[in-house]
Amino acid sequence: MIIDLHTHSAHSDGTESPSALVESASAAGVRVIALTDHDVSSGWAEADTAGRVHGVSVLPGIEVSCSADGITVHLLAYLPDPEHPALAGELERSRRSRETRLQRMTELIAADGYPIDFAQVRSQAAGGATLGRPHIADALVEIGAVPDRQAAFTTMLAKRGPYYVSHYAPDPVTAVHTVIAAGGVPVMAHPFASARGDVVDDAVIDAMAEAGLFGLEADHRDHDQAQRQYAVDLAERLDLAVTGSSDYHGSGKPNRLGENTTTPEVLAQIIARGTGSTVLGAALP
Ligand code: AMP
Ligand code: FE
Ligand code: FE
Ligand code: ZN
């Protein structure tokens, strides 16, 4: 049974609607997906409906943006109550800051002579979607400045690049507490993906574990073999579960559904712990 607990739809920076994502999962033989859009839960209901039709169980999730002294951390939250005031407040604050930040990045790029503006960047995203750098990338592709998202990230949108602007995000220990308060199960996404930018040192992960972190995402495309093993060893030392997932973004990234997976045992533990939202979609195994 293929279980893939990290995917994105057009409610953030994926390219497929939640229902199209579920159809893709079904076609790929994936039996369980978690829909984990960045900082938003608005895609859950549509994914749920499509999951019932296509025989795909949808675990509700959110990939919560965090910042540990400027270092980006992504925290997957499974089965949280998205209306829990503290969680909802943090997510809304992040989404608003992402919008201002994208506007500023767009202005910096436009000031350098690229014919883009914020309206065009915004039009790359569905209404209400969490905005991110991939939407600027899509605008740059549209004007022919770069061939694809990947090229935009390596040449213009990199964290150390000339146009990068940061946005508000809670620190990861606070986020772990908040996710748990909302009944969710927190798992740190791609903890050692150094190719994306700086990663936190183990002391931060220790503190997250102390706060109640449930697991580490070890099997992920952005981890090499040594990083996967390091994650497995650290999880064992800290008594954390281990997950694996694709981080699918539709055509926005090469990641394919089901390319990394989570065991049924770990999924069962997540379902047993998560109390914030109901399991959606087809009956979970
Ligand atoms: P942001 O959250 O706005 O800082 O943008 C980060 C997002 O950009 C990540 O969630 C990825 O989905 C996406 N991203 C990062 N690097 C790349 C890349 N090389 N190609 C395509 N998408 C990327
Ligand atoms: Fe993303
Ligand atoms: Fe991520
Ligand atoms: Zn992701």
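The rules behind the values
Residues numbered from 1 in each chain as written. Chains lettered and ligands numbered in written order. Predicted model: local features only at pLDDT ≥ 70, side-chain atom pairs only at ≥ 80, totals over all residues. Heavy atoms only, no water. Near = heavy atom within 4 Å. Polar contact = N/O pair within 3.5 Å; in protein donor to acceptor, adjacent residues only side chain to side chain. Areas by Shrake-Rupley, 256 points an atom, 1.4 Å probe, with all protein chains shown as cover. Helix = DSSP H or I, 4+ residues; strand = E, 2+ residues; numbered from the N terminus. Nonpolar A, V, L, I, M, F, W, Y, C, P; charged D, E, K, R; others polar. Donors = N, O, S within 2.8 Å, 3.2 Å for Na, K, Ca; no water. Tetrahedral: all angles 85-135°; square planar, octahedral: opposite > 155°, others 65-115°.

Caption draft 1: Highlighting the site of ligand 1. The immediate surroundings of ligand 1 are formed by 13 residues, with His-38, Arg-101, Arg-133, Gln-150 and His-249 found nearest. Side-chain polar atom of Gln-150 to a nitrogen atom of ligand 1: 2.9 Å apart, as the coordinates give it. The contact in question runs from an oxygen atom of ligand 1 to an N or O atom on the side chain of His-249, over 2.8 Å. Summarising the interface, the protein chains cover 87% of the accessible area of ligand 1, which totals 500 Å² for the free molecule. Elements with a contribution of two residues or more to the shell around ligand 1: α3 (85–111), α5 (133–142) and α6 (149–155). Considering only residue class, the shell around ligand 1 consists of 2 nonpolar, 5 polar and 6 charged.

Caption draft 2: Structural detail: the coordination of the iron ion (ligand 2). Around the iron ion (ligand 2), the protein supplies Asp-13 (OD), Asp-13 (OD), His-38 (NE2) and His-249 (NE2) as donor atoms, at distances of 2.1 to 2.7 Å. For the iron ion (ligand 2), the 6 donor atoms in the first shell make angles of 52 to 156 degrees at the metal, so the coordination geometry reads as irregular. Separating the iron ion (ligand 2) from the iron ion (ligand 3) is a distance of 5.6 Å. Of this pair, Asp-13 sits in the loop between β1 (2–7) and α1 (18–27) while His-38 sits in strand β2 (residues 30–38), and the two are 25 residues apart along the sequence.

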